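Spelled out, the chains give:
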Amino acid sequence: MTTPSTPAAPSGEPGFEPTDAADLVVVGAGIVGLAHALEAAQRGLRVTVLERDRRAVGASIRNFGHVCATAQAGPALDYALFARERWLRLAEKAGFSVQETGTLVVARTPAEQAVLEEFAAERGGDQVRLLTAAGARGLFRLATEEVVGGAHLPLDVRLDPRIAVPALADWLAGQGVQFGWGVHVGGIEPGLVHTAYGPVRAERVVCASGHDVDRLFPRVADEHGVRRCRLHMLEVAPPGGVEIAPAVLTGTSMLRYGGLAAQPSAAAVRAELAAATPELLEVDMNLMLTQRPDGSIVLGDTHHYERTHLPFDEESVTDLVLREGARLLEGELTVRRRWRGIYAHSPLTDFLVAEPHPGTRVVSVTSGIGMTTALGLAPTVLDHLF
Ligand SMILES: Cc1cc2nc3c(=O)[nH]c(=O)nc-3n(C[C@H](O)[C@H](O)[C@H](O)COP(=O)(O)OP(=O)(O)OC[C@H]3O[C@@H](n4cnc5c(N)ncnc54)[C@H](O)[C@@H]3O)c2cc1C
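Q: Which residues make up the environment of Ala69, and what values do they have?
A: Structurally, the position occupied by Ala69 is in the loop between strand 3 (66-67) and helix 3 (75-94). Sequence separation between Ala69 and Leu328 is 259 residues; the distance between their C-alpha atoms is 23 Å. Contacts of Ala69, omitting those with residues within four sequence positions, involve Leu77, Ala80, Leu81, Asp156 and Thr372.

Here's what the structure looks like:
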């Protein structure tokens, strides 16, 4: 199978004829918008999706495609486990691949292994399988001498977002969801969505505009302290053509995901990182990787938070990702692609769901886990909206 290096263009034609026929208008064709369109269509509702670009180019195609379910906690875990099943079913229907390879969390210090042991004790062997150093190397043949152990999280899955997200949109179009590609929405008021092609009547609207919550609903963004989280991402050639089936997380990931960060030894991991490599904490690194169908390794990431970012990316931050990636993969890395990812972040909530006026919901996954959770969040939102 050939693998596109860039997302497929949507099959829809340019131009848009506003109709008043929809029960639900969704703004944004990223995974959050598509999740709501899917859920509404499955409930027998007529759905129109309005997307300002001619194809999805936002966070939903810039990510690792890691459905990182197990490491979540609280509502995120519930959404994630529901979403996992939905991804698997959608893959069959919409014709894209989901790899049931799980996640490998690599431990490179005893404190990191202690976090995994605590996590395994809490969740049990069905969700968390502890590994020795040899076991971790069995799953990840490039693991260096540094590796002291790890854990395999077998429930997690991964997919290629550049393939899966356009495929999902195409499939929804085939199911009767109307898409307006290249249709900018300039305002939403009760019963009416203002587009560059004219007004669209809509009793109910889900605004899933990703990190641009503040463009249409600045007060909602202000109330939730929403900022844009900017991530440095790389795609590198696989050293020696290596195949790495699971998604790979590391010690820095233990500070990020709720289920791992809640373990008592996570504080020791943070202290170790602060002493040994404080520069990783300064850029809020989550060193992780997934492999694409063509073998390329998606490597990242870092996190910087601002309402408005300057357009200049610091090469030193990319160098840090590359340095840590080379350390993890034990070898010089050749960069094939680099890009900036942006998602909405709120210090107050992981899932922003607001009702600026009756009939409208503003929905944004404000915690960087939309691929993992959006398909599980959407049913809850629609239960309240309808
Ligand atoms: C680099 C990176 C790596 C990540 N890795 C993972 C991962 O491995 N696993 C995971 O679970 N999550 C991951 N995430 C998070 C995940 O990608 C996001 O949570 C998710 O994609 C957000 O989806 P969205 O639909 O809200 O946003 P987007 O995909 O950005 O979509 C929003 C859409 O709304 C459209 N839009 C905005 N305003 C308007 C308007 N006025 N009119 C019309 N259209 C509009 C935009 O054009 C855009 O297409 C990652 C994010 C990034 C950036």
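Continuing now.
Q: So, the pairing of strand 7 (residues 149-153): which residues are in play, and what are the values?
A: In the case of a regular strand, side chains alternate between the two sheet surfaces. Most of strand 7 sits inside the fold, with five of its five residues counted as buried. Along strand 7, one buried face is formed by Gly149, Ala151 and Leu153 and the opposite face, lined by Gly150 and His152, is buried too. Pairing of strand 5 (residues 103-107) with strand 7, which is carried by five bridges, proceeds in the antiparallel orientation. Counted as the bridge partner of Leu104 is His152 from strand 7. Sheet analysis places strand 6 (residues 129-132) next to strand 7, joined by four bridges and oriented antiparallel. In the sheet register, Leu130 faces strand 7, and the bridge partner there is Ala151.

Q: Which residues make up the pairing of strand 21 (residues 360-365), and what values go with them?
A: The element strand 21 is largely enclosed, with a buried count of six among its six residues. Burial along strand 21 is two-sided: the face carrying Thr360, Val362 and Ser364 and the face carrying Arg361, Val363 and Val365 are both buried. As paired strands, strand 13 (residues 205-207) and strand 21 are joined by three bridges and run parallel to one another. Each residue of the ladder has a partner; that of Val206, found in strand 21, is Arg361. In this sheet, strand 21 lies alongside strand 20 (residues 351-354) in antiparallel orientation, the contact comprising four bridges. Across the sheet, residue Ala354 finds its bridge partner in strand 21, namely Val362.

Reading the values: the criteria
- Residues numbered from 1 in each chain as written.
- Predicted model: local features only at pLDDT ≥ 70, side-chain atom pairs only at ≥ 80, totals over all residues.
- Heavy atoms only, no water.
- Helix = DSSP H or I, 4+ residues; strand = E, 2+ residues; numbered from the N terminus.
- Contact = heavy atoms within 4.5 Å.
- Buried < 20%, exposed > 50% of the residue type's maximum accessible area, 1.4 Å probe, protein only.
- Pairing = 2+ DSSP bridges.

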